[in-house]
Every structure is written in C-alpha cells, then in structure tokens.
Amino acid sequence: MLEIRNLHVSVDGKPVLNGIDLTIPAGEVHAIMGPNGSGKSTLAYVLAGREGYQVTAGEVRYQGSDLLALTPEARARAGVFLAFQYPVEIPGVANIYLLKAALNSVRKASGLAELDAMDFLALIRAKLKLMGMDEALLYRPVNQGFSGGEKKRNEILQMAVLEPKLAILDETDSGLDIDALKVVADGISSMRDAQRAIVLVTHYQRLLDYIVPDRVHVLSQGRIARSGGPELAKELERHGYGWIDAGRSSPMGEGP
Amino acid sequence: MNPEVRDHYQAEFARIATRLPGAEVAWVRAARAAALVQFVALGFPTRQQEGWKYTSVTPIENSRFSLRPSAAPRVTAAQVAELALPGALLLVFVDGRHVPELSPLDLLPEGVRLTSVAEALARDPEPLRMLLEGAVGLEATGFAALNAAFLADGTCLYLAEDVVLDAPIQLLFLASEPGIATHCHNLIRAGTRSSAVVIEHHVGLGDEAYCTNCITDIALASGAQFTHHKLQQESAKAFHIAAVRVKQGQDSRFHSGSFALGGGLVRVDIHVSLDGEGAECVLDGLYLTSGRQHVDHHTCVDHAVPRGTSHEFYKGILDGASRAVFNGKVIVRPDAQQSDAFQTNCNLLLSEKAEIDTKPQLEIFADDVKCGHGATVGQLDPEQIFYLRSRGLDDAAARGLLTFAFAAEVIERMPQAALKQRLEALLRGRSPDAVKELL
Ligand SMILES: Nc1ncnc2c1ncn2[C@@H]1O[C@H](COP(=O)(O)OP(=O)(O)OP(=O)(O)O)[C@@H](O)[C@H]1O
Ligand SMILES: [Mg+2]
C-alpha cells in the first residue's frame, strides 16, 4: 500500500526527516511513536501533501505510484486521509457541508454517483452514532468552538464517512478523556480491514491496548530508530525514549 | 465649479424643471431652485474635502448625464418578477420614476401609508414641506443639493403608532436607460412602537454608464423597530451615490444592512443619530468588489444622549484591481454617558492589486462609555485551504468555499429569509464553478 524509501525532508532548509524507510502493507495497522519534535507530524503532513516541505531525497509510492507528485486533493481522492494533530477551525463552513463536499469529491473521483440528500443523512447519522457525537455538531462551523476531544472525534467521523484506504491518524488519542478514547478506538478498530492500512501516531500505550498494532516504529531525530511488534510500545512505556536514544539493545530490537 | 458643469446642470434644470413632480406647487419650485443654487455653490465633492480623500467623483463630474429619461419605461413584468423578493410588498421604480403598473400593491394594513413621492406631491404636498425644504442641511454635499433640485420620485412611508408590518417592503430601483442621472428620495417615518422592514434594491439592467443618486431619510419615534437593507447590484459602469440618514428616538431599534455587489464607482453614507436615550442601532455591511470597482462606505453614528448602543459589522472581499474604503465614525457627545459602541471591519484581499483603506474614527467626549473597534485585512488562510484540500476539495473549490463562508457571516445576520436566500444565491452565482457544484 505505502512504501517510503530513504525519505529526506527539510523545512526552511533545516533537515527534519533524515532517511525514513517504511513499508506498510494493506490490512495492517502500524504505530509510530517517538519523542516531541522527532518528525512524526512532518511525516504525516508530507504524506498528505502540505506545502512548505522540501523533499531533498527519497521517494514515496502509494499503491505503486508516486504519491509525492499528487496534489493534496488528488491524494485524498485516491484514498489517503490525515487526521490532524491540530484540526483547523473553519468559521462559516458548516461541518455537514464539508462532509458532503468531501464525500462527493471522493466518490466522484472513484466514478460513483453523488449520494442524494436522504442517503447522505442516513450515512452521516450512522457514523455519528458510531462516534457517540451529538447531531448538533453537524450544523456548527467546522471545528469552531469544538472542545479538544470534539475536534479529534470529528476527524475520525470524517474518516468513517470517507472510508480511506490509507488513514494516518496524528495523535488522535491526545486530549481525549477515558470514555472518549474508548469510543474513538472502537471507531478506528471498526475500520480495520484487509483493504485498508492505518498509521497511528501516538505517545501512549493506552490507545494500543485497544488497537493492537501489527508493527510499532520509533522515530527519533527524523529517523526510524527502531521497529518491532506491539511489545516494543510496552517496552517504551517502561523505559522511555532515552532507552532508544542511548542505543541500548533490547531483546525485541530489530532493524526497521 | 467648472463653468461647463454648472452650465450643463442649469440648462438641464431649465429644460425639465416644469415637468418635475410638484412643479405646480410654489414652495416646491422654490425649494428646487434654492437647491440648484446650493449645488452650484457646493460643487461635487473633491478629494481635498474631509471624507472624500480616497474617492474621486471626477468621472461623475465629467459625464454630462441627462437629468430626465428620454422614453417611457421599457421594463417587463417578467424582469420584475425575477427580482421580486418572495412575500415582499413591491414598489418598482424605473429610471428613477415609480411605475404603478409594475407595482401591484395589495391592500396595506391600517396605519400604513405607502406612496410614491411623485404621487404625494401631486395629491397632498404639504406634509412633505418640512422634509423637502430642509433636505439640504448645513453639512450637505453637492450630491444632496443635486438630489433636492432634480428630485423625481421616491417613497413615502408612514407607519402609525403600534403598527407592525410583517411583510418586508421592497423598493426596487431599476436602471434601464444609459446616460441618465436619477434622483430619488425615500422619506420614512415610523411611529411610536411601530415596526417594519424596507429593502432598498438597486439593479442595473444594461451595461452602459448611468448615475444613481438616492437618499433615504428615516425617522424613528420612541420604541420603533425598523430595518433598512440596501442591496446594490448596479451595472459595472454605473455610478451609485447613496445616503441613508436616520434619526432614532428613545429606545428605538434600527438594523441596517448594506450589500454592495455592483457599480463601478460607489459611495454610500450611512448616518445615524441616536437622539433618544436607550436607542440601539446595528449596522451590517458587505462589499464584494472586482475588476476596477471602487466602493466606499462611510458610516457615522452620533451618540447624542445617554445609554445608546451602536454595533457595526462590515466585511469586504476585494478581487482584481478593485478598491474599497471603509470609514466608521463614532461620535460620543459629552452627555452620552453609558454609550456602547463597537465596530468591526474585516477585509479579505483575493488579489495583490486590490486595495482597502479602512479607518475607524472615534470621537469620544464622554468618560463612562464602552467603545471599541477592530479592523483586519488579510488573505485566505493557507492552513484552512490545506485542510479542505486534504479532504478532497480542489484548490479553487477550497478558496471559493472559504470566500463564500467569509461573506456568509454577514448574510447570516439578516433575519429576513427571503433576503438571506437572495444574497446567498447571488454569492453562489459569483463563486467559481467548482464551488457552485458543491453548494
Ligand atoms: N514549519 C516549520 N518551521 C520550522 N520548523 C518546523 C516546522 N515544522 C516542523 N518543524 C520542526 O521539525 C521538527 C519535527 O516537528 P514535528 O511536528 O514533525 O514533530 P512531532 O514528532 O510531530 O512532535 P510532537 O510529538 O510534539 O507532535 C521540530 O523540531 C519542529 O520544530
Ligand atoms: Mg506532532
């Protein structure tokens, strides 16, 4: 599904990603962990196509073709979805309106007809229920005045509606209370299937207790310092990132 | 004043004065003649004058507009039907003259008098005497004097005490003939605790230059609640000069919306005097400019007595090489304690060549007051654009949607559903195709 090879990225001339190699097959869930500033969000943004990043070396292939050559909207239409760490507020644009515009453009790109108003509303209601969200949030401007947790849920609601093939969730668990975490985790889990790849960027083992990943990668200073199975996350919880940076070996340790 | 300009207007006056409404009434003739003298003395405003620094009306001065339409109105009922707002009481003016055949007024509720100025001057001119003789005050501009001299029509609306008119009144001013200047004056008096909505709607039907010079005077008795919205869709080459002058009595409430969508050179003055204690006004506005349009809004709220409230919310979206001006003046007189005045003006520049001059002008002479202002000038937010694109909207759709949303914030403040829907439709019509498909 996704193949990242030797990816180097700079921001304003400053190297942030220093040679990322990562392969994520369809059907798998990969967790990306790593200290603040290690480049997790940068990687997520580069995959989604945000401006302001210079790819100085390497390549990214998505379903066999060059992902970095596509505009952000072309990526979205091809099934790439980023749940933002800090979702943007958009005054004046109703949430339901964005959902409709997004769903229709993605459907159109796959040669599907637009949903009519009734079917659309039925779909949205079902997904809202899944996310334990109040219908009133649909009619409010996108993310405006939403609590931190509501914003995160809203991202997952969008994901549930758009049904992407590659979902990158950047710290969707941060700022959620315990109950909300369970709801969001259940929402994500329900989307786990053989055709879809999910990347979870997280700082906490808690999310991974609900969604057990196939692989865990630890990013440090713009590189994947270590990769392993779900037990790597538990190891990190116990020892902290210092353990990785100090380069000490661990029984589970293996190359990326 | 340039002698050629003077000669033109004097010759036009000599040519048509006897055919203007009220010509058979001595005081009307005298008032017109006095106004013409005043116009000659004042001339057109120049950029040296306060309040006209950014707006040159030289193109108006240099046009030799005819002051009278040459032919009978050639507007069809179908054209009118397309512009009529659903549920509104409609008065249609073509080239500055009321056309009764196009204005099938239903029976009005008791206590509402609604007629054209021409009709009022023909039937019973006396009640208009004070208003028309005093129309050109000390601070008047040449445009006000010109309007008084060549006054051809307008609306007289009178609401008796406690009358509540639910249906909005739509004053539809259609411009069909090129090369003419029209002068209308709307005279509105709302009695104690009465309530009504007037939508002044200017539409240009051709694409040649003409000039609209329109004044609306509104007097609100105590407790009256009045709404005046102005929807301006003049032709791209048109000149549009408008003044809205409001006097508010005690505890009265006034809501104004100025939507400037058309016109080549546009100047709108809105002047509100809070003369009675506890009066409140809300002034909303939206200007959308492109090409080489020039749109200037000057608002002035005069807090003359205690406990007045004025809240202003103006937004502008500027594209092309257009230019807009927003000048919001607030005067709080020494007696006007506990005044509450707030003003916001936000501008979105879609092009590097577009230019905005925004200026709050606060003159506060009382100490126990709450006054504030804020102005912003900016571009679309790249973070918001990226967020929308990451959801599958293309760049044009994302920009169009954000632009629409920026304007919608003002439109949403209009409680009248018919007006709101019309404004949304107009805004949609101006959006790129990518957005039209979505909306
Ligand atoms: N636009 C930018 N301008 C300057 N520096 C940037 C920019 N974007 C990212 N960086 C820098 O790149 C590095 C990686 O940032 P990034 O946001 O990817 O970290 P992160 O791993 O997501 O951290 P966190 O866990 O705190 O979310 C940081 O040092 C950050 O300051
Ligand atoms: Mg981050």
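Everything below is about the structure shown above.
In this report, the structure presented in the accompanying data block is examined. (Residues numbered from 1 in each chain as written. Chains lettered and ligands numbered in written order. Predicted model: local features only at pLDDT ≥ 70, side-chain atom pairs only at ≥ 80, totals over all residues. Heavy atoms only, no water.)

### Some remarks on unusual backbone geometry
Keep this limit in mind: Secondary structure follows DSSP: runs of H or I at least 4 residues long count as helices, runs of E at least 2 residues long count as strands, and numbering of each begins at the N terminus.
In the Ramachandran plot, glutamate 171 of chain A falls in the positive-phi region, its phi being about 50° despite a non-glycine side chain. The backbone phi angle of arginine 193 of chain B is positive, close to 55°, even though this residue is not glycine. With respect to the secondary-structure elements, arginine 193 of chain B resides in the loop between β6 (181-190) and β7 (195-204).

### Description of helix α8 (residues 231-239) of chain A
Residues and elements named next belong to chain A. Convention followed: Throughout this description, buried means an accessible area under 20% of the type-specific maximum (1.4 Å probe, protein chains only), exposed means over 50%, and partly exposed covers the range between. Directions are taken from the helix axis to each C-beta atom, and the arc is the one they span.
Residues of α8 that are buried include every one of Leu232, Ala233, Glu235 and Leu236, and no others. Relative to the axis of α8, the buried residues are bounded by an arc of 160° and lie together on one face. Of the residues flanking the end of α8, it is glycine 240, one or two places downstream, whose phi is positive at about 80°.

### So, the layout of surface pockets
Put simply, the test is: Note on definitions: the grid is 1 Å and covers protein atoms alone; a cavity is a set of points where a 1.4 Å probe fits but cannot get out; a pocket is an open set with protein on both sides within 12 Å along at least five of seven lines; lining residues have an atom within 4 Å of a point. Grid points are joined across faces, edges and corners, and a volume is the space filled by probe spheres set on the points. Following the grouping adopted for this structure description, the nonpolar residues are Ala, Val, Leu, Ile, Met, Phe, Trp, Tyr, Cys and Pro, the charged ones are Asp, Glu, Lys and Arg, and the polar ones are all others, Gly among them.
Empty space within the second largest pocket amounts to approximately 400 Å³. Glu51 of chain A together with Leu380, Pro382, Ile385 and Arg399 of chain B are, among the 19 residues lining the second largest pocket, the residues nearest its centre. Mapped by element, the contributors of at least two residues to the lining of the second largest pocket are α8 (382-389) and α9 (395-411) of chain B. Looking at the lining of the second largest pocket element by element, the count peaks at 5 residues for α8 of chain B. Of the residues that constitute the lining of the second largest pocket, the class distribution is 8 nonpolar, 4 polar and 7 charged.

### Focus: the pattern of salt bridges
What counts here: Put simply, a salt bridge is a Lys or Arg side-chain nitrogen that is within 4 Å of an Asp or Glu carboxyl oxygen.
In total, this model carries 34 salt bridges over all chains according to the counting rule given. A salt bridge links arginine 253 of chain B to glutamate 280 of chain B; the nearest nitrogen and oxygen atoms lie 3.4 Å apart. Taken as a pair, arginine 253 of chain B in strand β11 (residues 253-260) and glutamate 280 of chain B in strand β13 (residues 280-289) lie far apart in primary sequence, 27 residues in all. Across the salt bridge formed by arginine 399 of chain B and aspartate 395 of chain B, the nearest N and O atoms sit 3.1 Å from each other. Taken together, the residues arginine 399 of chain B and aspartate 395 of chain B, both in helix α9 and 4 residues apart, mark about one turn of the helix. Classification of arginine 399 of chain B by relative accessible area gives partly exposed; the value is 38%. Through salt bridges with shared partners, a single network forms among Glu3, Arg5, Glu59 and Arg61 of chain A.

### Here's the deal with the environment of glycine 179 of chain B
Residue and element names in this part refer to chain B. We apply this condition: Any two residues having at least one pair of non-hydrogen atoms within 4.5 Å are treated as being in contact.
Tracing the sequence through the fold places glycine 179 in the loop between β5 (169-175) and β6. Separated by 111 residues in the primary sequence, glycine 179 and arginine 68 have C-alpha atoms spaced 9.7 Å apart. Discounting chain neighbours no more than four positions away, the residues touching glycine 179 are Phe65, Ser66, Ala209 and Tyr210.

### Digging into the coordination of the magnesium ion (ligand 2)
Residues and elements named next belong to chain A. Cut-off, in case you're wondering: Listed donors are limited to N, O and S atoms within 2.8 Å of the metal, widened to 3.2 Å for Na, K and Ca; water is not among them, so incomplete-looking sites are possible.
The magnesium ion (ligand 2) binds to the protein through Ser41 (OG) and Gln85 (OE1); the donor distances cover 2.0 to 2.2 Å. Here serine 41 is found in helix α1 (residues 40-48), whereas its partner glutamine 85 is found in the loop between β6 (80-83) and β7 (90-94), with 44 residues between them in sequence. For serine 41, a relative accessible area of 18% puts it in the buried group.

### Some thoughts on the sheet that holds β6 of chain A
Note: strands within a sheet are paired through backbone hydrogen bonds, in either parallel or antiparallel orientation. Residue and element names in this part refer to chain A. Rules: Being paired, for any two strands, means DSSP has found at least two bridges between them. Every axis in this analysis is a line fitted to C-alpha atoms, fitted for helices over the stretch in contact. Angles between the N-to-C directions lie between 0 and 180 degrees.
Strand order in this open sheet of 6 strands is β6-β9-β10-β3-β11-β12, and the pairing throughout is mixed. Edge positions in the sheet fall to β6 and β12 (223-228), since each has one partner strand and no second. If you compare each strand with its neighbour and ignore which way they point, the axes differ by 20° on average. In this structure, strand β3 (residues 29-33) lies alongside strand β10 (residues 197-201), joined through 4 bridges in parallel fashion. Bridging across to β10, valine 29 finds its partner in isoleucine 198.

### Details of the pairing of strand β2 (residues 14-24) of chain A
All names here are of chain A. Relative to β2, strand β1 (residues 2-11) runs antiparallel, the two sharing 8 bridges. Of the residues in β2, the one forming a bridge with valine 11 is lysine 14. Two successive antiparallel strands, β1 and β2, enclose a turn made up of 2 residues, where aspartate 12 displays a positive phi of approximately 50°.

### Quick look at the interface of chain A and chain B
In plain terms, the rule: Buried surface area refers to the total accessible area, computed with a probe of radius 1.4 Å, that the two partners give up upon joining, counted for both partners together. Here a polar contact means two N or O atoms within 3.5 Å. Within protein one must be a hydrogen donor candidate and the other an acceptor candidate, and residues neighboring in sequence count only if both atoms are side-chain atoms.
Counting residues at the interface gives 33 residues for chain A, matched by 18 residues for chain B. For the pair chain A and chain B, the summed buried surface comes to about 2,200 Å²; carbon and sulfur atoms form 61% of the total. Counting across the interface, chain A meets chain B through 3 salt bridges. Among the salt bridges present, the one from arginine 391 of chain B reaches glutamate 155 of chain A, with a minimum N-O distance of 2.7 Å. The tally of links from chain A across to chain B stands at 12 residue pairs in polar contact (both at pLDDT 80 or more). Elements represented by at least two residues in the side of chain A that touches chain B include exactly α1, α2 (72-77), β6, β7, α3 (95-109) and α5 (148-162) of chain A. Sort the elements by how many residues they give to the side of chain A that touches chain B and α3 of chain A lands first, with 7 residues. Among the residues forming the side of chain A that touches chain B, the class breakdown is 20 nonpolar, 6 polar and 7 charged.

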